[in-house]
Amino acid sequence: MSLLALSDITIRYSRLTAVRDVSFSMAEGEILFITGPNGAGKSSLLRAIAGVTPVAGGRIDLAGQEITSQAPENIARLGFSMVPEGREVFGSLTIEENLLIGTGMHANNRGWRTRAASELEAVYATFPMLKERRNGQAGLLSGGQQQMLVIGRALMTNPKLIAIDEPSLGLAPNITDQVYERLIVLRAQRGLTLLIVEQSSARAMMVGGRMILMRGGQIVLDGDARTLGNGEAIQAAYFGYEDH
Amino acid sequence: MLQILFDALSLGSLYALGALGIALIFGVMRLVNFAHGDVIAFCVFALLWPSTDAMAIVFAGQLPWYLLVPFVLLCGAGLSVLCEIVVFRRFRKANPATMMITSFALGFVIRYFLLMLYSSRPKSISLLPTLSQPVEIFGARLPLLQLITIIATMAILIGLTLFLRQTRFGLEMRAAAENFSMARMLGVRANRVIMGAFALSGALAGAIALIFGSQTGTADIQMGASIMLMAFIATVIGGLGSLGGAVLAGFLLGAASVVMQVMLPVDARPFRDAFVYGAVILVLLFRPQGLIAARGTKERV
Ligand SMILES: Nc1ncnc2c1ncn2[C@@H]1O[C@H](COP(=O)(O)OP(=O)(O)O)[C@@H](O)[C@H]1O
Ligand SMILES: [Mg+2]
């Protein structure tokens, strides 16, 4: 059974159709890249899964339950954790507070700090820099550090599936390398399922796994990242966008 | 001199508490709640039996203070949460202007409800009469009430700060105020946070009702409106949604009003408020985002 399944998802912003009849599913433990040029509808799709952007048609299932039009907080409880485009760090909170927000669904009010402690330690073990600056204001971190923070923040909800929208956005290539290194380690450690959005297919080819290419709100290619990336179809699919 | 300081602090306390009630709700809902002043009036009238006579028939107002205070705070919180559940919840996806007008309308509903039960005549009440005795501090004679107002306000501010900083719920409120949809994606329950903000805001309205009611000794259906105008201004000067800014600006406005009352030449005193508003315009010209700009301008979802 698949962990996440989308069927015929359509998303509209008033009269603009941003995503049209998109269907795909992900198995548990899979790594899937969604790539495609700016405006292809990748972020809209992720936000629809998370429940913050309404869908105009279609159906989404997560872990055997229908989640179409459910509240984001309920979708999070089913094991979906989102790292949105632009990261959306809570800049006025401390780093530790950013991490602790996501523990609310598992720990109740009494002694929540102690209950969250083991999860915190696990995240700090992966990102020691976060521990060093735990009481610092999150808004003062650099872009790369913020990216680490929001990945840690997503982990704190103890998710089955993490969706990350353009983790490389605004980061130097060597920092992006570090981010991906951690992601791959985390995936192995925790058996995470990863859904990663990037504009370029270069990362997907480096990391491997499955890749979907979107253009104009639709899926144009779906297959193994390395096979697709080296073929000619991807060139045509990418540059086809600029034709009209 | 000491007298001026205490006058400024106690007037500022009212403005600060009022501004805080508005800022709390604006923070999580991007709603400027114009019904807030009427919740204050409601809390005062909750102490009286409904009657249109000129004489107030005291009901809960006779309770000893340790019952009176929780009763009024609960009235405010209860009404405020009721407004959320019955009215505002239905408008959550509406644009800010629609919500603002809704809150205006709701304020009128509350006001006319009071009008119907109690008539429009102000009624004299004596709340906690022992508090009007003067006390002597550093050679100045001050009404005990003024001292208690200031102490109670400080206690509320410290309590609220601790609540927001130390509790799980406080953390969720701060996160939701900065970026509501991100907080929800991390599992923060939207309804719980918004109801919490309304409850806190309503309890603050109850606190203002107690203080203002004891200071003026009257129950008047317009009483909320007079404080709320200054409180709204304080919220805007403070930087809409910034709690610290709202409190700071509330105290500054209180101080400005009192200082101008003393400093202005006698002939100009009736125009004191005009000078206060003039100062407000100056502040906003130089800092349009408010004294302390609130973080997170993300739209709520
Ligand atoms: N909130 C929004 N309101 C209106 N149009 C939007 C909104 N978000 C995205 N769009 C439009 O939807 C299309 C897809 O956008 P998006 O999902 O952000 O694509 P991508 O992430 O692939 O760049 C674009 O044409 C974009 O302008
Ligand atoms: Mg995008």
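Right, let's walk through the structure included here.

Cut-offs used in this document
- Residues numbered from 1 in each chain as written.
- Chains lettered and ligands numbered in written order.
- Predicted model: local features only at pLDDT ≥ 70, side-chain atom pairs only at ≥ 80, totals over all residues.
- Heavy atoms only, no water.
- Buried < 20%, exposed > 50% of the residue type's maximum accessible area, 1.4 Å probe, protein only.
- Helix = DSSP H or I, 4+ residues; strand = E, 2+ residues; numbered from the N terminus.
- Pairing = 2+ DSSP bridges.
- Near = heavy atom within 4 Å.
- Polar contact = N/O pair within 3.5 Å; in protein donor to acceptor, adjacent residues only side chain to side chain.
- Areas by Shrake-Rupley, 256 points an atom, 1.4 Å probe, with all protein chains shown as cover.
- Nonpolar A, V, L, I, M, F, W, Y, C, P; charged D, E, K, R; others polar.
- Donors = N, O, S within 2.8 Å, 3.2 Å for Na, K, Ca; no water.
- Contact = heavy atoms within 4.5 Å.
- Buried area = accessible area lost by both parts, 1.4 Å probe.
- Salt bridge = Lys/Arg side-chain N within 4 Å of Asp/Glu carboxyl O.
- Axes fitted to C-alpha atoms, helices over the stretch in contact; angles between N-to-C directions.

Right, let's talk about the pairing of strand 3 (residues 31–35) of chain A for a bit. All names here are of chain A. Taken across its five residues, strand 3 has five buried, putting it largely inside the fold. Burial of the side chains of strand 3 extends over both faces: Ile31, Phe33 and Thr35 are buried on one face and Leu32 and Ile34 on the other. Here five bridges tie strand 3 to strand 8 (residues 193–198), and the two strands are oriented parallel to one another. Bridge pairing in strand 8 links isoleucine 31 to leucine 194.

All names here are of chain A. For ligand 1, the full set of nearby residues is Tyr13, Leu16, Ala18, Pro37, Asn38, Gly39, Ala40, Gly41, Lys42, Ser43, Ser44 and Arg47. Alanine 40 is positioned with one of its backbone polar atoms (N or O) 3.2 Å from an oxygen atom of ligand 1. Considering ligand 1 on its own, with 550 Å² of exposed area, one finds that the protein chains cover 63% of that surface. Looking at the shell around ligand 1, the elements with two or more residues in it are strand 2 (16–26) and helix 1 (42–50). Ranked by residues supplied to the shell around ligand 1, first place goes to helix 1 with four residues. Class assignment of the residues belonging to the shell around ligand 1 gives a composition of five nonpolar, five polar and two charged.

Now for the coordination of the magnesium ion (ligand 2). All names here are of chain A. Within the protein, the atoms that donate to the magnesium ion (ligand 2) are Ser43 (OG) and Glu85 (OE), at distances of 2.0 to 2.6 Å. Here glutamate 85 lies in the loop between strand 6 (80–83) and helix 3 (95–101) and serine 43 lies in helix 1, a separation of 42 residues in the sequence. What makes serine 43 buried here is its relative accessible area of 12%.

It is worth spelling out the interface of chain A and chain B at this point. Listed by partner, the interface residues are 29 residues for chain A and 23 residues for chain B. Carbon and sulfur atoms supply 57% of the area that chain A and chain B bury against each other, a total of about 2300 Å² over both sides. On the chain A side of the interface with chain B, the three residues burying the most area are Glu73, Phe90 and Ile101 of chain A, jointly 25% of the side's total. In this assembly, chain A and chain B are joined by two salt bridges. Arginine 184 of chain B is the partner of glutamate 73 of chain A in a salt bridge, and the nearest nitrogen-oxygen pair spans 2.6 Å. Sorting the residues of the side of chain A that touches chain B by element identifies helix 2 (72–77), helix 3 and helix 4 (112–126) of chain A as the ones contributing at least two each. Top element by residues in the side of chain A that touches chain B is helix 2 of chain A. It accounts for five residues. In terms of residue class, the side of chain A that touches chain B is built from 14 nonpolar, nine polar and six charged.

It is worth spelling out the sheet that holds strand 4 (residues 57–62) of chain A at this point. All names here are of chain A. The strand order across the open sheet formed by four strands is 2-1-4-5, and the pairing between neighbours is antiparallel. Two strands bound the open sheet, and with one partner strand each, they are strand 2 and strand 5 (65–66). Pairing analysis gives two bridges linking strand 4 to strand 5, with the strands arranged antiparallel. Of the residues in strand 5, the one forming a bridge with leucine 62 is glutamine 65. Packed on one face of the sheet, helix 1 meets strand 1 (4–13), strand 2 and strand 4 and runs near 115° to strand 1.

Any functional reading would require information beyond the geometric quantities listed.
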